[in-house]
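Coordinate inspection notes
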Amino acid sequence: MDLIPAIDLIEGKVVRLSKGDYSKKTIYSNSPLEVAKKFEDAGIKRLHIVDLDGAAGAEVRNFKTLENIASGTQLIIDFGGGLKTTEDVAAVLNTGAAMVNIGSVIVKNPSLFKQWVEIFGAEKFLPGADVLDMKIKINGWKEETDIGLFDFIQSLLDLQLNNIFCTDISKDGMMQGPATELYESILQKFPFVNLIASGGVAKFEDLIALKRAGCHGAIIGKAFYEGEITFEQIKTFINNN
């Protein structure tokens, strides 16, 4: 199972929110590149970057930070937040991201997203299922939809997209443990999905539980920044993985 640290960006700073609430923001670092280098030094291979400015606004805002991390590390980066046009996708990939993490466009403009997959290839996208009470939410979790989680995942599989991350919004940033039962239910219905768990990881044991549940990866955020998961534990998990 891949460990994938999250770097959430607001105005070029590393932050974490609680349940996606921008009014409940904690700043952890003014240097995302330094944070990324420390992850790399611990043996991490992948990095999940979310441009929260872009997610909440009209356009991608943190290109420079992406460029700094991509040029300053060898990490495999997926980047998202605020991508709305074909030019946005091309710019993110050209700036150094290996993949685009995407959510809202899949729901709001499925024909455009299908075009992107045809243009750039399915391997360039990491779609995210942001879910609350089994329904998909979009636009930085501010907008509800009537789309069921399983229907959403099936629509991705229909496009040959097999790598998916799922965030249980009720768990995100709350340090109460991940939605392991939800992930187990997804994998029971879609056993061939490479599912990445996101949200709620609070301690090292949660990573073990997610691995046992069959998750392909786990995104870690607040638990690391709050010191509940250490670099030594990350190294131990990677070495024993």
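Each remark here, short or long, concerns the structure printed above.
This report concerns the structure included in the present document. Quick caveat: nothing in here was measured; it's all calculated off a predicted structure.

Okay, the packing of aromatic side chains next. One pass over the full model with this rule turns up eleven aromatic pairs. Relative to phenylalanine 231, the ring of phenylalanine 224 has its centre 4.8 Å away and its plane inclined at 70 degrees; by these criteria the two rings are edge-to-face. Through a chain of ring-to-ring contacts, the aromatic side chains of Tyr28, Phe39, Phe224, Tyr225 and Phe231 assemble into a single cluster. Sitting over the face of the ring of phenylalanine 190, lysine 189 holds its NZ or CZ atom 5.8 Å from the ring centroid. Here the guanidinium or amino end of lysine 211 rests over the ring plane of phenylalanine 237, the centre of that ring lying 5.7 Å away.

Further remarks concern the layout of surface pockets. Considering only enclosed or pocket space, the largest pocket measures out at about 840 Å³ in volume. Forming the boundary of the largest pocket are 50 residues, of which Val50, Ala55, Asp130, Gly140 and Trp141 lie nearest the centre. By residue number, the principal contributor to the lining of the largest pocket is helix α2 (residues 52-56), which donates four residues. Of the residues contributing to the lining of the largest pocket, the split by class is 20 nonpolar, 20 polar and ten charged.

So, on to unusual backbone geometry. For aspartate 133, which is not glycine, the phi torsion reads 55 degrees and is therefore positive. You can see aspartate 133 is positioned in the loop between β7 (125-132) and β8 (135-138). With a relative accessible area of 69%, aspartate 133 lands in the exposed category.

Sheet topology places β7 next to β8; two bridges connect them, and they run antiparallel. What sits directly across from valine 131, in β8, is isoleucine 136. Once β7 ends, the chain turns through two residues before running back antiparallel as β8, passing aspartate 133 with a positive phi of about 55 degrees. Direction of pairing for β8 relative to strand β9 (residues 143-148): antiparallel, over a ladder of three bridges. By the bridge assignment, isoleucine 138 is partnered in β9 with glutamate 143. Between the antiparallel neighbours β8 and β9 lie four residues, among them asparagine 139 with a positive phi of about 55 degrees.

The next thing to look at is the packing of helix α7 (residues 149-158) against helix α8 (residues 180-189). How two helices sit against one another is set out by the angle between their axes and by the gap between those axes. Direction vectors running N to C along α7 and α8 enclose 50 degrees, while the axes themselves pass 11 Å from each other. With respect to each other, α7 and α8 are oriented oblique. In this structure, α7 meets α8 at a crossing whose hand is right-handed. Across the interface between the two elements, Leu149, Phe150 and Ile153 from α7 touch Leu182, Ser185, Ile186 and Lys189 from α8.

Bringing the pairing of strand β2 (residues 13-18) into the picture now. Counting buried positions along β2 yields five of six residues, so the element is predominantly enclosed. Where strand β1 (residues 2-10) and β2 come together, three bridges link them in antiparallel fashion. In the strand pairing of β2, aspartate 8 is matched with valine 15. Between β1 and the antiparallel strand that follows it, β2, lie two residues; glutamate 11 among them carries a positive phi value of about 55 degrees.

Here we come to the nonpolar core. Formed by 66 residues in total, the largest nonpolar core has its most connected members in Ile7, Phe113, Tyr183 and Leu207. The residues touching isoleucine 7, leaving out its near neighbours within four places in the chain, are Val14, Pro32, Val35, Ala36, Phe39, Leu47, His48, Ile49, Val50, Ile69 and Tyr225. By size, the runner-up hydrophobic cluster in this structure holds seven residues, among which are Ile4, Ala6, Ile196 and Ile219.

Turning to the packing of helix α3 (residues 63-72) against helix α4 (residues 86-95), a few remarks are in order. Packing of α3 against α4 brings their axes to within 9 Å, and their N-to-C directions diverge by 30 degrees. By the angle between their directions, the pair α3 and α4 is classed as roughly parallel. Of α4, the residues touching α3 (which contributes Phe63, Leu66, Glu67 and Ala70) are Ala91, Val92 and Thr95. Across the contact of α3 with α4, the residue classes break down as five nonpolar, one polar and one charged.

With that settled, the discussion passes to helix α1 (residues 32-41). Residue pairs three or four apart in sequence face the same way in an α-helix, which turns once every 3.6 residues. Here α1 has its buried residues at Pro32, Val35, Ala36 and Phe39. Down the axis of α1, the smallest arc covering the buried residues is 100 degrees, so these residues share one side. Among the exposed residues of α1, those pointing more than 90 degrees away from its buried face are Glu34 and Asp41.

Criteria and thresholds
Residues numbered from 1 in each chain as written. Predicted model: local features only at pLDDT ≥ 70, side-chain atom pairs only at ≥ 80, totals over all residues. Heavy atoms only, no water. Phe/Tyr/Trp six-rings, centres within 6.5 Å; stacked < 30°, edge-to-face > 60°. Lys NZ or Arg CZ within 6 Å of the ring centre and 35° of its normal. 1 Å grid on protein atoms, 1.4 Å probe; cavity = no way out; pocket = protein on both sides within 12 Å on 5 of 7 lines; lining within 4 Å. Points joined across faces, edges and corners; volume = space filled by probe spheres on them. Helix = DSSP H or I, 4+ residues; strand = E, 2+ residues; numbered from the N terminus. Nonpolar A, V, L, I, M, F, W, Y, C, P; charged D, E, K, R; others polar. Buried < 20%, exposed > 50% of the residue type's maximum accessible area, 1.4 Å probe, protein only. Pairing = 2+ DSSP bridges. Axes fitted to C-alpha atoms, helices over the stretch in contact; angles between N-to-C directions. Parallel < 35°, antiparallel > 145°, perpendicular 65-115°, else oblique. Left-handed = near helix turned anticlockwise from the far one by under 90°. Contact = heavy atoms within 4.5 Å. Core = buried A, V, L, I, M, F, W, Y, C linked by side-chain atoms within 4.5 Å. Arc of directions from axis to C-beta.

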